[in-house]
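A structural walkthrough
If you want the building blocks of each chain, they are given just below.
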Amino acid sequence: INEKRDIFRALAGFISKKLNHEYIFDYLRAAYAFENYFEDEAVASAVYNCLSKLLDHGRTAIVNIFLEKYADRLPQKKATALIIRSGLVDNNKTECLKNIEGILERPETPENLDHALLMMETSKFLHAINDYQRALDYIKKVVIYLQSTDNDALEGAAFVELGFLMMCKGKLLEASE
């Protein structure tokens, strides 16, 4: 069992760094094959990245089937972030609102990477409903938190979202800096 865990941790690291849409279904199959290891942070992150990539390509049905079966076994904030994102891709704002109801009341600074992911998805939802100021408040907190971590890819995505929100709000000069 420890050997399987080590092998999957190595695969999870590869998935996180080299995610490519051509191989996404192979990665999803690997995630299913190692369903007993979701408590491992590397595994959970790889599964999150894989499902996020599927959502990037509009494959919400596959992600929703996966989440129906495994959402309770993934870290709660990662699962909630995926559910919110899936709702955004499907343009189901009512479902998104139901999942972020408690988050909207407490826009504190993220306490860990999973919380930052959840706040970033909340910001995207707020952006989708044209609440730019609150979306900016959330994404700024995410950016500040991510600057103190070692997650350059997520920090870059947060900066892109921040710049886009600033442009939507008409702050073009600040966004270009």
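Quantities reported herein were computed from a predicted structural model and do not represent experimental measurements. (Residues numbered from 1 in each chain as written. Predicted model: local features only at pLDDT ≥ 70, side-chain atom pairs only at ≥ 80, totals over all residues. Heavy atoms only, no water.)

The subject of this paragraph is the nonpolar core. L51, F66, I139 and V142 are the most contacted members of the largest nonpolar core, which has 42 residues in total. Elements that contribute at least two residues to this core include exactly α3 (41-56), α4 (60-70), α5 (76-89), α6 (93-104), α7 (113-128), α8 (132-146) and α9 (152-168). Here this core takes 8 residues from α8, the largest share from any one element. (Core = buried A, V, L, I, M, F, W, Y, C linked by side-chain atoms within 4.5 Å. Buried < 20%, exposed > 50% of the residue type's maximum accessible area, 1.4 Å probe, protein only. Helix = DSSP H or I, 4+ residues; strand = E, 2+ residues; numbered from the N terminus.)

The next thing to look at is the pattern of salt bridges. All told, the structure shown has 4 salt bridges when counted by the stated rule. A salt bridge links K78 to D114, with the shortest nitrogen-to-oxygen separation between them at 2.3 Å. Of this pair, K78 sits in helix α5 while D114 sits in helix α7, and the two are 36 residues apart along the sequence. The salt bridge involving E121 is made with K124; its shortest N-O contact spans 3.7 Å. Of the two residues, E121 and K124 are both situated in helix α7; the distance of 3 residues between them amounts to about one turn of the helix. Residue K124 is classed as partly exposed on the basis of its relative accessible area, which comes to 23%. Each of R85, E121 and K124 takes part in salt bridges that share partners, so that together they form one network. (Salt bridge = Lys/Arg side-chain N within 4 Å of Asp/Glu carboxyl O.)

Let us now look at the environment of V143. The residue V143 is located in helix α8 in this model. Take V143: its relative accessible area is 5%, and that puts it in the buried class. Each C-alpha atom of the pair V143 and M120 lies 9.2 Å from the other, and the pair is 23 residues apart in sequence. Other than its neighbours up to four places away in sequence, V143 contacts A158, F159 and L162. (Contact = heavy atoms within 4.5 Å.)

Taken as a whole and judged by the stated rule, the model has 1 aromatic pair. For the pair F66 and Y70, a centre-to-centre distance of 4.9 Å together with 45° between the ring planes defines the contact as tilted. In this pair, F66 and Y70 both sit in helix α4, 4 residues apart, roughly one turn of the helix. Like Y70, F66 is buried. (Phe/Tyr/Trp six-rings, centres within 6.5 Å; stacked < 30°, edge-to-face > 60°.)

Detailed reading of the predicted model is not advised wherever pLDDT is low. Counting all residues, the mean pLDDT for the protein is 75, and 76% of those residues have values of 70 or more. Across the protein, the element-wise mean pLDDT spans from 49 in helix α10 (residues 172-176) up to 87 in α4. (pLDDT = per-residue confidence, 0-100.)

It is the contact of α8 with α9, at a shortest axis distance of 9 Å, that shows an interaxial angle of 155°. The angle between α8 and α9 places the two elements in the roughly antiparallel class. Crossing handedness for the pair α8 and α9: left-handed. Of α9, the residues touching α8 (which contributes Y132, A135, L136, I139, K140, V142, V143 and L146) are L154, E155, A158, F159, E161, L162, L165, M166 and C168. (Axes fitted to C-alpha atoms, helices over the stretch in contact; angles between N-to-C directions. Parallel < 35°, antiparallel > 145°, perpendicular 65-115°, else oblique. Left-handed = near helix turned anticlockwise from the far one by under 90°.)

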